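Read off the chains here:
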Amino acid sequence: MPAARMAEIVGPAAAACRGVGAFNVIGIEHAEAIVAGAEAAGAPVVLQVSQNCVAYRGALRPLAQACAAIAGSAAVPVALHLDHATNTDLVREAADQGFGSVMYDGSALDYEENVRATARAARWCQKRGMWVEAEIGGKDGVHSPGARTDPADAARYVDATGVDALAIAAGSSHAMLTRDAVLDTGLIARIHGAVRVPLVLHGSSGVPDAMLAAAVAAGITKVNVATQLNKVFTAAVRECLATDASLVDPRRYGAAGRDAMAIEVTRLLRVIGARAVSQDEPPGTP
């Protein structure tokens, strides 16, 4: 079965006030763990490959094909998403590789150029059936702890670009190793009321469980997680290696990391209320 379309996952979740877990993939073990965790939770999930990951690996195609194969054999809907892409050639390649969505990142540009570039990318992608996410400010700025998205600015930006989802700044920050970020849930609710598309929270690894759940209740739908899974994976590998100084088989310590990550994916999906949503489920159903 082919990968699911992002709209098929995010749309019903947004209507039911539920979260969708979007987890970054670095290697095949990550993709396997994320899908296994989603299957255990009975929830759809998003496999995200970032432009930074593509740079690390040297090419998109091998990892894309592995993710597509894993998604195609999953027991739950799995979408493939290109994350934080600034390279339009990479966006085109992702489309060719079967990715159904992209986070086009024009946030390092000034506002007017961001709007123009993002609108161009959105038109190109949407003509090919791809779902497009974007954000207003710079990656290191909009998701710094003190940054905040203005609801009126967010509404204007969405209308001007025609994107399908908006990543907002409400107190989270990328690559946090501690889980003590404080989100402005009141602001999330105001943006949710002002913007006609689903909202996305980046930097969710630094947000404690109760606040993640509150963010979803306030209007966040897509919840991006990367660093938290890397922490769990690495801790399990370290523990495995520490117990046996002679261990050299990467299958053994890789499996330990993969299994630990799958458990954390299941746990996080339950925190954000992710699950398969029936078409007749009323909004806010527990």
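Nothing here was measured: the structure is a model prediction, and the numbers come from that model.

Colleague: I tried to follow the environment of V54 on my own but got confused; where do I start?
Modeller: With respect to the secondary-structure elements, V54 resides in helix α3 (residues 51-57). For the pair V54 and L82, spaced 28 residues apart in the sequence, the C-alpha separation amounts to 9.7 Å. Setting aside chain neighbours within four positions, we find V54 in contact with V49, A59, L60 and L90.

Colleague: Just to check I follow, could you spell out the pairing of strand β4 (residues 101-104) for this structure?
Modeller: For a regular strand, side-chain orientation follows a simple rule: the groups alternate between the two sheet faces. Of the two faces of β4, both are covered, the one formed by S101 and M103 as well as the one formed by V102 and Y104. Summarising the sheet, strand β3 (residues 78-85) and β4 pair through three bridges and their orientation is parallel. Paired with A85 across the bridge in β4 is Y104. At this point the chain moves from β3, through helix α5 (residues 88-96), to the parallel β4, and the crossover so formed is right-handed. Where β4 lies against strand β5 (residues 131-135), three bridges are found, and the strand directions are parallel. For V102, the partnering residue across the bridge sits in β5 and is V132. Once you follow β4 into helix α6 (residues 111-127) and on to β5, the crossover reads as right-handed.

Cut-offs and rules
- Residues numbered from 1 in each chain as written.
- Predicted model: local features only at pLDDT ≥ 70, side-chain atom pairs only at ≥ 80, totals over all residues.
- Heavy atoms only, no water.
- Helix = DSSP H or I, 4+ residues; strand = E, 2+ residues; numbered from the N terminus.
- Contact = heavy atoms within 4.5 Å.
- Buried < 20%, exposed > 50% of the residue type's maximum accessible area, 1.4 Å probe, protein only.
- Pairing = 2+ DSSP bridges.
- Right-handed = clockwise from strand over helix to strand, strands pointing away.

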